[in-house]
Amino acid sequence: MILTDELVSLSFRTEVDPGPEPYRIPLREDEIEALARRLLHESEGTPLWVFAYGSLIWKPDFDAVESRQGSARGWHRSFCLQMTRWRGTRTQPGLMMALDRGGSCNGIVFRLADEDRLGQIRRMIRREVGALEDISTVRWIPVETRQGPVRALVFWAGPRGKRVSRKLPLETVAHVLARACGHMGSCAEYLYLTVKHLEEWGIRDRNLWQLQKLVACEIRAIHNLDRLRPEHPVSASTPSVRDTGMFER
C-alpha cells in the first residue's frame, strides 16, 4: 500500500465532539427496540448473517461464530455520505462509505451466535443507526459465497437525502478523505484500515486501491512531501468507487 501508517498519522488532529446535527432526529429507545424486534422476527428460523464491507470488518460489534468472503451483487461501495461528526466536522466535513446501487461489492459475511440475538441486534443498531431517517438503509440482501448463497443484514445500503452525493470523482473523494478528521479519527484512517483488512482477506477492491494511492499523494502534498510523488505514479481516470469481480485479487 502507498498509504502508510506514517502518512495516516499526519491526518490526525484533536477535535471536539460537536454533538448530533440539529436537523437529524435521534432514535428513541422505543424505536430502537421496535427495529431490533422487527429484525429479530425477520431472522427467526435461519442463521443471522451480517454483510460487512467497511468498518464492521475491522471493528465488529457482535459475536461471530463463522465468517466467509462474499459478494453482494447489485451493490457497490461508495464514499457518498457527508458527515460532520465522528470523522469530520462542520467546517471540514468528511465522507462516509455506504452501499449504492449497481455493480458488485466483495466483503465478509459473519454468522452471529444464536445466543442473545436480540441483544446483538440492539448493539448494531445503536452503532450504525443514529437517526430516524437512517432506518431505511437497514436491509436484507442476498450474498454469494463459495459455500452457497446467504441472506445477510446490511447497514447503510441505498442512503437518501441531502447528505448524499453520488458519483463523485475519485480525485474529489481523495481531497476530502485526506483532510477530514473528527473526534473519532480521520477519514484517511478509515480508508487505510478498510483497504488493509480487505487485503488480509485476499480481497482487492480496485477503486479503493486507487483511492488509497490518491489519498497518499494528497497527504504528501499537504505536508510538502511532494518529492515522493514520482515514485508512485497514479492514474485517476476512474469516475466512481465500485467493486468489480467476485473474490478478486
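Right above here is the structure, for reference.
Residues numbered from 1 in each chain as written. Predicted model: local features only at pLDDT ≥ 70, side-chain atom pairs only at ≥ 80, totals over all residues. Heavy atoms only, no water.

> Whenever I open this one, the packing of aromatic side chains confuses me. Can you help?
Where two aromatic rings form a pair, the distance of their centres and the angle of their planes describe that pair. Within the structure shown, the criterion is met by four aromatic pairs. Summarising the aromatic geometry, the rings of phenylalanine 79 and tyrosine 190 are spaced 6.1 Å apart at their centres and angled 85° between planes, so their arrangement reads as edge-to-face. Of this pair, phenylalanine 79 sits in strand 2 (residues 64-83) while tyrosine 190 is found in helix 6 (residues 187-200), placing the two residues 111 residues apart along the sequence. The same class applies to phenylalanine 79 and to tyrosine 190, which are both buried. Here the aromatic residues Trp58, Phe79 and Tyr190 are joined through ring pairs into a cluster of three or more. Positioned above the aromatic ring of tryptophan 86 is the side chain of arginine 85, whose terminal nitrogen or guanidinium carbon lies 4.3 Å from the ring centre. (Phe/Tyr/Trp six-rings, centres within 6.5 Å; stacked < 30°, edge-to-face > 60°. Helix = DSSP H or I, 4+ residues; strand = E, 2+ residues; numbered from the N terminus. Buried < 20%, exposed > 50% of the residue type's maximum accessible area, 1.4 Å probe, protein only. Lys NZ or Arg CZ within 6 Å of the ring centre and 35° of its normal.)

> Please clarify how the pairing of strand 4 (residues 139-143) should be interpreted in this entry.
If a strand is regular, its side chains alternate between the two faces of the sheet. Inspection of the sheet shows strand 4 paired to strand 5 (residues 150-154) by five bridges, in the antiparallel sense. Paired with valine 143 across the strands is valine 150, a residue of strand 5. Between the antiparallel neighbours strand 4 and strand 5 lie six residues, among them glycine 148 with a positive phi of about 125°. (Pairing = 2+ DSSP bridges.)

> So what exactly am I meant to see when it comes to the sheet that holds strand 2 here?
Pairing between sheet strands relies on hydrogen bonds along the backbone, with the strands arranged either parallel or antiparallel. Reading across from one edge, 2-3-1-5-4 is the order of the five strands in this open sheet, with mixed pairing throughout. For this open sheet the edge positions go to strand 2 and strand 4, each flanked by a neighbour on one side alone. Across the sheet, the axes of successive neighbouring strands diverge by a mean angle of 40°, strand direction being ignored. (Axes fitted to C-alpha atoms, helices over the stretch in contact; angles between N-to-C directions.)

> Please explain the pattern of salt bridges as it appears in this structure.
Side-chain pairs of opposite charge can arise whenever the charged atoms involved come near each other. All chains considered together, the criterion is met by 24 salt bridges. Where arginine 117 meets aspartate 114, a salt bridge forms, and the shortest distance between an N and an O atom there is 2.9 Å. A residue is classified by how much of its surface remains accessible, and aspartate 114, at 52% relative accessible area, is exposed. Among the ionic pairs, arginine 163 bridges to aspartate 134, the shortest N-O distance being 4.0 Å. Linking arginine 163 in the loop between strand 5 and helix 5 (170-177) with aspartate 134 in the loop between helix 4 (117-128) and strand 4, this pair joins segments that are 29 residues apart in sequence. Arginine 163 sits in the buried class, given a relative accessible area of 10%. Bridged by salt links that share partners, the residues Glu21, Arg24, Glu133, Asp134 and Arg163 form one connected network. (Salt bridge = Lys/Arg side-chain N within 4 Å of Asp/Glu carboxyl O.)

> What should I look at first to understand the nonpolar core in this one?
If you look at soluble globular proteins, the nonpolar side chains tend to sit buried side by side. If you look at the biggest cluster of nonpolar residues, it comprises 73 residues, and the most contacted ones within it are Phe51, Phe79, Leu211 and Val215. The leading source of residues in this core is strand 3 (residues 94-112), at nine residues. Setting aside residues up to four positions removed in sequence, phenylalanine 79 forms contacts with Leu95, Met96, Met97, Ser165, Leu168, Val173, Leu177, Tyr190, Leu191, Leu208 and Leu211. (Core = buried A, V, L, I, M, F, W, Y, C linked by side-chain atoms within 4.5 Å. Contact = heavy atoms within 4.5 Å.)

> Whenever I open this one, helix 5 confuses me. Can you help?
An α-helical segment advances 3.6 residues per turn. Residues three or four places apart therefore align on the same side. Every buried residue of helix 5 is accounted for by Leu170, Val173, Ala174, Val176 and Leu177. What you see down the axis of helix 5 is that its buried residues fit within an arc of 160°, all on one side. (Arc of directions from axis to C-beta.)

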